[in-house]
Amino acid sequence: MRLIASVLLASLALPAVAQDAAPVTLPPVSTDLKRSKDVLPYTQINEVLLKMDRYGEGLFRMDFRVLTKKTTVPLEQLRMVVRSDEADHPIKFDAEGRFKLPMLPEAEGKSADLATNATPEQKVSISGSIELNPRAQDLDMAKVRQIVRVGFKLREELLPWYLRWLFPRIEAVRVCSPTPGLELEWRENGQLLGLPLPTGERDPKADKEHPARLCTLLTGQERWPDSARLVAPAGAELSVKLQGQ
């Protein structure tokens, strides 16, 4: 698996599993998995998932998606499992190819690997990204500072050096909205104060399929109080700005 910089873009040359006549079930595997040099060992992915779950204070998750334009197996035909010595863990895709990877007990994760029904001549490409669980309507400056602080500790103190590239340094919280109107508000000396937020930050989702939105950054270094709350239009979304993005 080759993960590219902060977007964690992976092109997986995954070992094949046997085909089954029933298209709605994962086929039984009759051959041993052979790890490809291009496949990231699942134990590394699992370790990051475990550390995020234990120490991420519920702030972070990792989302995965099959890149259908770069995958030569039709999504409706693609089957994927995470296999360990104890069990096969089926992967379910939604209509857009999004899926979750299972978090396994540490001991089981050491023997786990990814497998698909793709042939050696076929290509399966996957993107993975670090996402935020808090919603825009729940964000205040205290939460921004928590996200940056916990992300730094998770990466720099709790993850071993060889896994830090899977969890790039978080520089800020990015807020993107389909319409203008991003601002902070808080009370000071009994008076409600409002502060319009500047926009102009690049929208990471802007492409032919996603119209550009208005985005701003909150680093946590601002002098505004912890109680300063984000006021955002409907449809506003949060993401993390990673180092190098």
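Starting from 1, residues in each chain are numbered consecutively following that chain's sequence as written. Totals for whole chains, interfaces and linings use all residues, but because this is a predicted model, local features are given only for residues with pLDDT of at least 70 and pairs of side-chain atoms are given and counted only at 80 or more. Hydrogens and water molecules were not included; the side-chain quantities draw on all heavy atoms of the structure.

Asks: Help me get a handle on the state of the cysteines, residues and values and all.
Replies: Note that a disulfide, as used here, is simply two cysteine sulfur atoms within 2.5 Å. Summed over the entire model, instances satisfying the criterion amount to one disulfide. Here Cys176 engages in a disulfide with Cys215; their sulfurs sit 2.0 Å apart. Between Cys176 and Cys215, the S-S torsion sits near 110 degrees, and that sign places the bridge as right-handed. Of this pair, Cys176 sits in strand β9 (residues 170-177) while Cys215 sits in strand β12 (residues 214-218), and the two are 39 residues apart along the sequence. With relative accessibility at 1%, the residue Cys215 sits in the buried group. Each helix corresponds to a stretch of at least 4 residues labelled H or I by DSSP, and each strand to a stretch of at least 2 residues labelled E; elements are numbered beginning at the N terminus. For every residue, the accessible area (1.4 Å probe, protein chains only) is compared with the maximum for its type, and the residue is labelled buried under 20%, exposed over 50%, or partly exposed between those bounds.

Asks: Lay out the sheet that holds strand β11 (residues 191-196) in plain terms, naming residues and giving numbers.
Replies: Should DSSP find at least two bridges between two strands, the strands are regarded as paired. Spatial ordering of the open sheet is given by β11-β10-β13, a layout of three strands whose pairing is antiparallel. Of all the strands in the sheet, just β11 and β13 (229-231) have a single pairing partner and so form its edges. Mean inter-strand twist for the sheet, computed between neighbouring axes without regard to direction, equals 35 degrees. Both strand β10 (residues 183-188) and β13 contribute to a ladder of three bridges, which runs antiparallel. Only the stretch in contact is used when fitting a helix axis, every axis being a line fitted to C-alpha atoms; angles between N-to-C directions are given from 0 to 180 degrees.

Asks: Account for the sheet that holds strand β14 (residues 237-242), with residues named and values stated.
Replies: Spatial ordering of the open sheet is given by β12-β9-β14, a layout of three strands whose pairing is antiparallel. The strands lining the two open edges of the sheet, one partner per strand, are β12 and β14. For this sheet, the mean angle separating the axes of adjacent strands, direction not counted, is 30 degrees. With five bridges connecting them, β9 and β12 associate as antiparallel partners. Among the inter-strand pairings, Val175 is bridged to a residue of β12, identified as Thr216. Contact definition: two residues touch when any of their heavy atoms are within 4.5 Å. Docked against the sheet, helix α3 (residues 141-158) engages β9 and β12, running at close to 140 degrees with respect to β9.

Asks: How would you explain the pattern of salt bridges if you had to name every residue and give the values?
Replies: Salt bridge, as applied in this entry: a Lys or Arg side-chain nitrogen positioned within 4 Å of an Asp or Glu carboxyl oxygen. With the rule as written, the count across this model stands at 17 salt bridges. For the salt bridge of Arg65 with Glu96, the shortest nitrogen-to-oxygen distance reads 3.9 Å. One end of the pair, Arg65, is in strand β3 (residues 60-66); the other, Glu96, is in the loop between β5 (88-90) and β6 (98-99), and 31 residues separate them in sequence. Judged by relative accessible area, which is 32%, Arg65 ranks as partly exposed. When salt bridges that share partners are traced, they join Arg65, Asp94, Glu96 and Arg98 into one network.

Asks: Describe in detail the nonpolar core, supporting the description with residues and values.
Replies: Among the nonpolar cores identified, the biggest contains 52 residues, and Tyr42, Phe60, Leu101, Leu139 and Leu230 are the most heavily contacted of them. Of all elements in the fold, only α1 (42-55), β3, β4 (80-83), β8 (124-132), α3, β9, β10 and β14 reach the threshold of two or more residues within this core. Residues contacting Leu230, with those up to four places away along its chain left out, are Ala136, Leu139, Asp140, Val175, Leu182, Glu183, Leu184, Leu197 and Leu238. Residues belong to one nonpolar core when they are buried, are Ala, Val, Leu, Ile, Met, Phe, Trp, Tyr or Cys, and are joined through side-chain atoms within 4.5 Å.

Asks: Explain the packing of aromatic side chains to me, and be specific about the residues and the numbers.
Replies: Ring pairs are drawn from Phe, Tyr and Trp, using the six-membered ring of Trp, whenever the two centres fall within 6.5 Å, and their geometry is named by plane angle: stacked under 30 degrees, edge-to-face over 60, tilted for the rest. For the structure on display, the rule yields four aromatic pairs. Look at Phe93 and Phe99: their rings are 5.4 Å apart centre to centre, the planes differ by 90 degrees, and that puts the pair in the edge-to-face class. Here the aromatic cluster, defined as three or more aromatic residues joined through ring pairs, consists of Phe64, Phe93 and Phe99.

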